[in-house]
Amino acid sequence: MRIVLATALAALFAAPLQAGTLIDLAVVDRETGQVLTQHHRDGRAHVAGAPDHRYAIRLTNRSGGRVLAVLSVDGVNAVTGETADPGQNGYVLGPWETTEILGWRKSLDEVAQFTFTALPDSYAALTGRPDDVGVIGVAAFRERLPIRRREPAPKIAAEAMPAPPATAHEEKAQSADAAQAQARAARPAERLGTGHGERESSSVTQTRFVRASDRPAEQVAVWYDSYRNLVARGIIARPLAERAPQPFPGAFVADPPRR
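All values derive from a computational prediction rather than experimental measurement. (Residues numbered from 1 in each chain as written. Predicted model: local features only at pLDDT ≥ 70, side-chain atom pairs only at ≥ 80, totals over all residues. Heavy atoms only, no water.)

Caption draft 1: Region of interest: the pairing of strand β13 (residues 135-142). With 7 of its 8 residues buried, β13 lies for the most part within the structure. Strand direction decides the pairing type here: strand β7 (residues 67-73) and β13, joined by 7 bridges, are antiparallel. Its bridge partner being in β13, Ser72 is matched across the sheet by Gly137. Two strands pair when backbone bridges link them, and β13 and strand β16 (residues 218-226) are joined in this way by 6 bridges, in the antiparallel orientation. By the bridge assignment, Ala140 is partnered in β16 with Glu218. (Buried < 20%, exposed > 50% of the residue type's maximum accessible area, 1.4 Å probe, protein only. Helix = DSSP H or I, 4+ residues; strand = E, 2+ residues; numbered from the N terminus. Pairing = 2+ DSSP bridges.)

Caption draft 2: Just the packing of aromatic side chains, in detail. Using the criterion set out here, one finds 5 aromatic pairs in the structure. Centre to centre, the rings of Tyr55 and Phe114 are 5.3 Å apart; their planes meet at 15°, and the pair counts as stacked. Of this pair, Tyr55 sits in strand β6 (residues 54-61) while Phe114 is found in strand β12 (residues 110-118), placing the two residues 59 residues apart along the sequence. Per residue, the accessibility class of Tyr55 equals that of Phe114, and both read buried. (Phe/Tyr/Trp six-rings, centres within 6.5 Å; stacked < 30°, edge-to-face > 60°.)

Caption draft 3: Structural detail: the environment of Gly64. Secondary-structure assignment places Gly64 in the loop between β6 and β7. On the basis of relative accessibility, which here comes to 55%, the residue Gly64 falls in the exposed class. Note: C-alpha distance between Gly64 and Leu22 (42 residues apart in sequence) is 9.6 Å. When sequence neighbours within four positions are dropped, the list of residues in contact with Gly64 reads Pro95 and Trp96. (Contact = heavy atoms within 4.5 Å.)

Caption draft 4: Examining the confidence of the model for the protein more closely. When pLDDT is averaged along the protein, the result is 82, and 75% of the positions lie at 70 or above. Predicted confidence for residues 177-189 stays below pLDDT 50, and this span has 21 contacts to residues more than four positions away or in other chains. (pLDDT = per-residue confidence, 0-100.)

Caption draft 5: Structural view of the pattern of salt bridges. Counted by the stated rule, this structure contains 8 salt bridges. In this structure, the salt-bridge partner of Glu200 is Arg30, at a minimum N-O distance of 2.8 Å. Here Glu200 is found in strand β14 (residues 192-201), whereas its partner Arg30 is found in the loop between β2 (23-29) and β3 (34-35), with 170 residues between them in sequence. A salt bridge links Arg41 to Asp42; its shortest N-O distance comes to 3.8 Å. (Salt bridge = Lys/Arg side-chain N within 4 Å of Asp/Glu carboxyl O.)

Caption draft 6: Region of interest: the nonpolar core. One finds Leu25, Val27 and Ile57 to be the most contacted residues of the largest nonpolar core, which totals 37 residues. Of all the elements in the fold, those that place two or more residues in this core are β2, β6, β7, β9 (91-93), β12, α1 (123-126), β13 and β16. Ranked by the residues each element gives to this core, the list is headed by β7, at 4 residues. For Leu25, the residues in contact, after removing those within four places along its chain, are Gln38, Ile57, Arg58, Leu59, Ile136, Gly137, Val138, Val220 and Val222. Leu68, Val70, Val92 and Phe141 belong to the second largest nonpolar core, which has 6 residues in total. (Core = buried A, V, L, I, M, F, W, Y, C linked by side-chain atoms within 4.5 Å.)

In structure tokens form, the structure reads like this:
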């Protein structure tokens, strides 16, 4: 799994948008090891998360070439912490590769775990960006292939990833209390978001990637919330055990069982 370093490299070819052919996105509950079932409604895929559970985002490259996956969680870039945009840094997957992203990227060797939490406690809300909590998305780009020549193409050396400004996290921390109060007033507290969990080792290396287009070849998204909320919204069918009592369920009075 490799972090893209040079998002500003020129995108030279226009590629049409495609759907469902380039990359797969799944959400894995790390407490149970289960892939969360996707429930589809109105063209959207939804999964039910369990509060306080850690989760991972499983990405699969379905093509025979390298793919850049720019990952957004609650509208925040999971690598850089910026408000998400397809033109930013992301993860590079090799041909047919599957990988799991375990958390917010803190360095080349460490992440802060993704955890399902109450919306006001989500990382996006605590940094003043609560409007897009509840969705995980990927913008996928194909790689620009080098022009074939008689001589072999030179290998591209990796460059060092620039360190984020030292004051960026400090500024976000200073505004966390005000942002949390704003988030509580703006959104129902029972909705789920993604927290900034415990630190965990997760190593990546660096590489360069030149996009074949300045537009994503594909965008994939999964919306999430608690099981209770998805049932209440009609996205997940209400279990039979939860049906309302009926006043006339039978025909005649039967004898009670003997003790």
